[in-house]
Structures are given as C-alpha cells and as structure tokens.
Amino acid sequence: MTVATTRSIISGEAGAQTAPRVQVRNLSKIYRTRRGEHVALDNVSIDIGAGEFVVLLGPSGCGKTTLLRCIAGLEEPDGGEIHINGKLVYSSSAGISVPPEGRALNMVFQSYALWPHMSVVDNVAYPLRNARASTSEARARAAETLELVGLGAFTAAYPGQLSGGQQQRVALARSIVSNDGLVLFDEPLSNLDAKVRDRLRVELLNLQSRIGFSAVYVTHDQMEALALADRVAVMDVGRIAQIGSARDIYDRPTSRYVADFVGSANEIAGRIVSSSEGVAIETPMGRLSGVAGSDRLAEGAKAIAMVRPEHCILASPGSAASGNQVEGVVERSLYLGPVVQHFIMVGEQQLTVSVSGGEGLQPGSRVAIGFAADRTRIFAA
Ligand SMILES: Nc1ncnc2c1ncn2[C@@H]1O[C@H](COP(=O)(O)OP(=O)(O)OP(=O)(O)O)[C@@H](O)[C@H]1O
Ligand SMILES: [Mg+2]
C-alpha cells in the first residue's frame, strides 16, 4: 500500500489516470468439493476505469463475492489474468499470483471487520502503520479521513461504542486512508437499516466523486445497484450477462434474465411473426411490436414480449393509440403511496400497470393498456 499525502486524498489525483484501474481477462474459478466441481466464474472479462464505480449485481450464489475475492487476491482463480494499475497481479499461464498486500486496493465487508480493542483512529490508521508510517503521521491522516466521513468527533471511541452505520463509516475511512485508488465493497450496507443505508449510499457517492477512487461494489439489491453505479454488471451463474449504465440495464435489457432480475416486468408469450425492422409477435392479446434483445429471433419461433408496469399507460377502451394497445378488466388496484398498482385481466392473463399519483379503479371496469413499441422488449422463450 502506498502512503499518499493528505492533499492527494482530497484532490483526487488517483482519478486522473486514464488506463483501466482493473482489467480482468477470461477469469475462471472452479470450487472443488466432495460433492463435485462447481464453476463459480466462467471466463469472466471486465474493465474498471480509473474513478469508475462498477456494481456487480446478481442473485445469491452467482459468483459476485468470488470475483471480488479473486481481484483482491484472497481467492486463487483457475485461469485468466488480472491487471491492477497496469501491473499483472494474476496470470495462470505466467504462473503469477501477487498476494493481497501487494495489490493496491482495500476492501469493505458487510461485517465492518474492525479491531474491537483498537480506538477508531487506530483502526483507520492501521493500513498506514502497516505501510510503515510513523504513529503520529498515521494518526493525523486517520483523523483527517475520519473528518471526511463525518466522524471527526469519534476518534477516541472504540468500535463497540458506535452504531452500525458509524462502524461502517470507520471501515470506509480505513479503506480510503491509504489512497490506493481502488476499493472493493462486498454488500457493505446490507447490515444497516433502510434509512441509514439510503444516507450512507449518498455519502459514499459524494466521497467517491470527491476522492476519485475506483469502486467495485457487490450487491444483490437492484435499486442499490442502479443508484450507485456508473456501470452495472449483471451476473448469472459465473458469467456476466450484461454490463452497461443503469439506464441500459433497466430500459434496454438484452436478455430475459436481465429484464427479469432487474425491476419487474409483464411477460406475454407468443410467436414471432416478423423480425425485420423491429419485431412483431403474435400473442393471445393480439399482435405486439417491440425491440429485440440480443437473442436471434426467427419467424415462427416462440418468444416473450416484456414490458415494465410503469411503462404502461391506462386509457379508455377504444381510444386511438400509437404503439401497442390491449384491453382488459380491472381486477384490483393497490395504493402503494408513490404509485397505484393496477392488476388487469387481459383475456386469461393478468398484467400489472403502475401509475404514479393516480386513483384506484373500480374492479370490473374495462380499460385499455397502452405501451410503446420501444418500451417492449422481445426475447427468445
Ligand atoms: N469456498 C467455497 N467452496 C466451495 N464452493 C464455494 C466456495 N465459495 C463459494 N462457493 C460456491 O460458489 C458459488 C459462488 O459463490 P459466491 O460467494 O461468489 O456467490 P455470491 O454471488 O457472492 O452470493 P451471495 O449473494 O449469496 O453472497 C456458490 O455456488 C457457492 O456455493
Ligand atoms: Mg457474496
């Protein structure tokens, strides 16, 4: 770990470089247990830019922690390469595996992992002491960093005297004090209650844009991923299913898996009738137009049209509409505060429509549901 000056912590010099902070190439990891082999990472490649905030999102067991631990050097991959700051830290073919302390990075865990017998300032000073800074210099830098995370008044306290949110701020301070420019986060906010989590999320982003470190942040909370990320990598059993901005992932999912995992969507099954100039699918609700994801869609193939509840609008039956329109009968409306959620039977299938600030509808009333073709994604079934 490098010992940087306080000025460079504040000024964000770490973010000034343009080469990728982390390059992962064709990484694989297989766990071998008595029950057999489990491929936890299957040929994963990803770049994390300097100052970039990348979130790894995916269901439990998809390999998020494994990827993070491989980058950190806490887990030995089975193949591939990892560069950090342009330095090769892992290569299966070259037989290189730099230990964690030789990789310029820090980690923040779900369980803060603070030393209970050390004061807050000494916990934060620890990485600097490890890098052989003098006690007084390390403490001074730690105190300044604690100031940055809003804990200037708690330097002399012990972790056990702090709330969960405060302890996680201490862990955050410890991860940035040596200004290595790369912080790996493994679900750091999931032990905290919702309000504290929301506040810390914003503080984390403020801190990151001020200091300019690169972040790889693991979560299975989709809203957290969308809120934090410059880019989200959605993982599916050991692979990256899609990587892109929050908007790309949410509005332009390339697969049914991603559309399903991030946010909710109405799924309407049918068969492709045309796959040139946009895609048309014949369904029990009629013909719908949409945009294809990355699947190849041949005419006649089984497919699924997906549209998000908030991308649907309600109209009176028979009204002229551009885009897709289907008609149905209101089954129930739920008032959820910011939105009203309507459950509408269209033939045999129930569709969900979310309307912000709307009124509930009388069960049994007939309505039309409209959704634009460019909001309708069509995937192979
Ligand atoms: N030490 C291990 N030995 C054997 N299998 C493991 C080991 N660590 C992880 N695995 C398996 O590898 C897969 C990926 O695990 P990983 O911890 O990376 O998942 P994750 O995406 O972080 O999940 P979660 O959201 O539950 O933390 C899982 O199927 C898990 O059971
Ligand atoms: Mg995990």
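Residues numbered from 1 in each chain as written. Chains lettered and ligands numbered in written order. Predicted model: local features only at pLDDT ≥ 70, side-chain atom pairs only at ≥ 80, totals over all residues. Heavy atoms only, no water.

Engineer: Before we move on, can you summarise the overall build of the protein with the specific residues and values?
Structural biologist: Helix and strand counts for the protein stand at nine helices and 21 strands. Dimensions of the protein, computed from the C-alpha atoms along their principal axes, are close to 75 × 50 × 45 Å. Within the protein, the fraction of its 381 residues that count as buried is 48%. Sequence separation of 24 or more characterises 66% of the internal contacts of the protein that already satisfy a separation of 6 or more. Carbon and sulfur atoms provide 50% of the accessible area of the protein, an area that totals close to 17400 Å². Mean positive and mean negative side-chain charge positions of the protein (36 and 38 charges, respectively) differ by 3 Å. (Helix = DSSP H or I, 4+ residues; strand = E, 2+ residues; numbered from the N terminus. Buried < 20%, exposed > 50% of the residue type's maximum accessible area, 1.4 Å probe, protein only. Contact = heavy atoms within 4.5 Å. Areas by Shrake-Rupley, 256 points an atom, 1.4 Å probe, with all protein chains shown as cover. Lys, Arg positive; Asp, Glu negative; His and termini not counted. Charge placed at Lys NZ, Arg CZ, Asp CG, Glu CD.)

Engineer: I'd like to hear about the UniProt feature "domain: ABC transporter" (unreviewed entry) in the protein, residue by residue, with values.
Structural biologist: Residues annotated in UniProt with the feature "domain: ABC transporter" (unreviewed entry) correspond here to residues 22-262. Annotated as 35% helix and 29% strand, the span residues 22-262 places its first and last C-alpha atoms 25 Å apart. (UniProt positions renumbered as here; feature names shortened; annotations may be inferred.)

Engineer: Quick one: what's the story with the pattern of salt bridges, residue by residue and with numbers?
Structural biologist: Tallied over the full model, the rule gives 17 salt bridges. Between Glu75 and Arg69 there is a salt bridge, with its nearest N and O atoms 3.1 Å apart. Residue classification places Arg69 among the partly exposed positions, given a relative accessible area of 27%. For Glu282, the salt bridge identified is with Arg287, shortest N-O distance 2.9 Å. The class for Glu282 is partly exposed, based on a relative accessible area of 33%. Through salt bridges that share partners, Asp198, Arg201, Asp221 and Glu224 make up one connected network. (Salt bridge = Lys/Arg side-chain N within 4 Å of Asp/Glu carboxyl O.)

Engineer: How would you explain the sheet that holds strand E8 (residues 182-186) if you had to name every residue and give the values?
Structural biologist: Judged by pairing direction, the sheet is mixed, and its six strands sit side by side in the order E7-E8-E9-E3-E10-E11 without closing on themselves. The open sheet has two edge strands, strand E7 (106-109) and strand E11 (239-244), and neither has a second partner. Neighbour-to-neighbour, the strand axes of the sheet open up by a mean angle of 20°, direction not taken into account. Pairing of strand E10 (residues 231-236) with E11, which is carried by five bridges, proceeds in the antiparallel orientation. If you follow Ala233 over to E11, its bridge partner there is Ile243. Across the sheet, helix H5 (residues 164-176) lies against E7 and E8, angled at about 170° from E7, the strand it touches most. (Pairing = 2+ DSSP bridges. Axes fitted to C-alpha atoms, helices over the stretch in contact; angles between N-to-C directions.)

Engineer: Give a detailed account of the domain arrangement of the protein, specifying residues and quantitative values.
Structural biologist: For an interface, size is often stated in terms of accessible area lost upon the parts coming together. Splitting the protein by domain gives domain 1 (6-105 + 180-251) and domain 2 (264-380). Measuring from the centre of the C-alpha atoms in domain 1 to the corresponding centre in domain 2 gives 36 Å. (Domains from an automatic or database assignment.)

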